[in-house]
Amino acid sequence: SAAHGGLLAGAWELLRYFTIITNTLVGVVFAGVAWRGTGAVTPRWLGAAMLGIVLVGVVFNLLLGGLTHAGLWDWLGDRIHHVVMPLLVPLWWLVFAPKGRFTWSDPLYWSLFPLAYAAYIFLRVGLETPGSGIAYPYFFMDADRLGYDTYSLRAWGMKAMEHLDFAAKHGCTAIQLSSIGDFE
């Protein structure tokens, strides 16, 4: 645990969270902007940071906003990472980001960031020592409890009807979902 392992163990524990990774990415991207200007950061990196921090805000405020805090500093840190940054980054984007620098494929590259995070978490949980107390960082990612098929439907924006339509168009005669009610 971080309490017994020092700084590296604490960093390893924190790097389970999309919020921490995303806010770090935002910090690095904006450090580049502050140091060398907006031209120093590619539109793809700006877009990935933007998408990530917007996801942080949306997921926190829809699913995780009722978390309890040990004190004022925990609450304040939570608000800065989950509310303030997800509001300031899009505001900066609208006012200061160079316009006309994106290609049609840039949003596809931006989406690689949250998808890579999901793959990282599944790999990481699979590599952790059983009984170590390390679990999925968010209840809605717990594929061991929800099933990978259920998680997959949720990860794709809960677009079950689109998945069913796709299955019907391709002649699938059965679809199996495990424990879809666990999350409701």
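Above this text you will find the structure in question.
What you see is a predicted model, and the numbers here were worked out from it, not measured in a lab.

Remarks on the overall build of the protein
Point 1. Counting secondary structure elements, the protein contains 8 helices and 0 strands.
Point 2. Listing the helices and strands of the protein from first to last along the sequence gives α-α-α-α-α-α-α-α.
Point 3. Put simply, the protein has 184 residues, and 32% of those count as buried.
Point 4. Counting contacts in the protein only where the partners sit at least 6 residues apart, residues at least 24 apart contribute 66% of the total.

Brief notes about helix α4 (residues 72–96)
Point 1. Within α4, the axis deviates most sharply at valine 84, by approximately 40°, and proline proline 86 lies no more than four positions further along.
Point 2. Residues Asp78, His82, Pro86, Val89, Pro90, Trp92 and Trp93 constitute the buried set of α4.

Here's the deal with the packing of helix α3 (residues 43–64) against α4
Point 1. Contact pair α3 / α4: the axes reach a minimum separation of 9 Å and the direction vectors enclose 135°. In terms of axis orientation, α3 runs oblique to α4. In this structure, α3 crosses over α4, and the sense of that crossing is left-handed. Side by side, α3 and α4 meet where Leu46, Gly47, Met50, Ile53, Val54, Val56, Gly57, Phe60 and Asn61 of the first sit next to Asp78, Arg79, His81, His82, Val83, Met85, Pro86, Val89, Pro90, Trp92 and Trp93 of the second.
Point 2. Considering only residue class, the contact of α3 with α4 consists of 13 nonpolar, 5 polar and 2 charged.

Some thoughts on the side chain of aspartate 106
Point 1. Looking at the element boundaries, aspartate 106 is found in helix α5 (residues 106–127).
Point 2. Once you skip the residues sitting within four places of it in the chain, aspartate 106 turns out to touch Pro43, Arg44 and Arg101.

Regarding the nonpolar core
Generally speaking, soluble globular proteins have nonpolar side chains that are buried together.
Point 1. The biggest cluster of nonpolar side chains holds 30 residues, and the ones touching the most others in it are Leu46, Trp93, Tyr136, Tyr138 and Met141.
Point 2. At 8 residues, the largest contribution of residues to this core is made by α3.
Point 3. In this view, tryptophan 93 contacts Leu46, Gly47, Met50, Lys99, Phe102 and Trp110; residues no more than four positions away in its chain are not counted.

The rules behind each value
- Residues numbered from 1 in each chain as written.
- Predicted model: local features only at pLDDT ≥ 70, side-chain atom pairs only at ≥ 80, totals over all residues.
- Heavy atoms only, no water.
- Helix = DSSP H or I, 4+ residues; strand = E, 2+ residues; numbered from the N terminus.
- Buried < 20%, exposed > 50% of the residue type's maximum accessible area, 1.4 Å probe, protein only.
- Contact = heavy atoms within 4.5 Å.
- Bend = angle between axes of the 7 residues up to and from the residue.
- Axes fitted to C-alpha atoms, helices over the stretch in contact; angles between N-to-C directions.
- Parallel < 35°, antiparallel > 145°, perpendicular 65-115°, else oblique.
- Left-handed = near helix turned anticlockwise from the far one by under 90°.
- Nonpolar A, V, L, I, M, F, W, Y, C, P; charged D, E, K, R; others polar.
- Core = buried A, V, L, I, M, F, W, Y, C linked by side-chain atoms within 4.5 Å.

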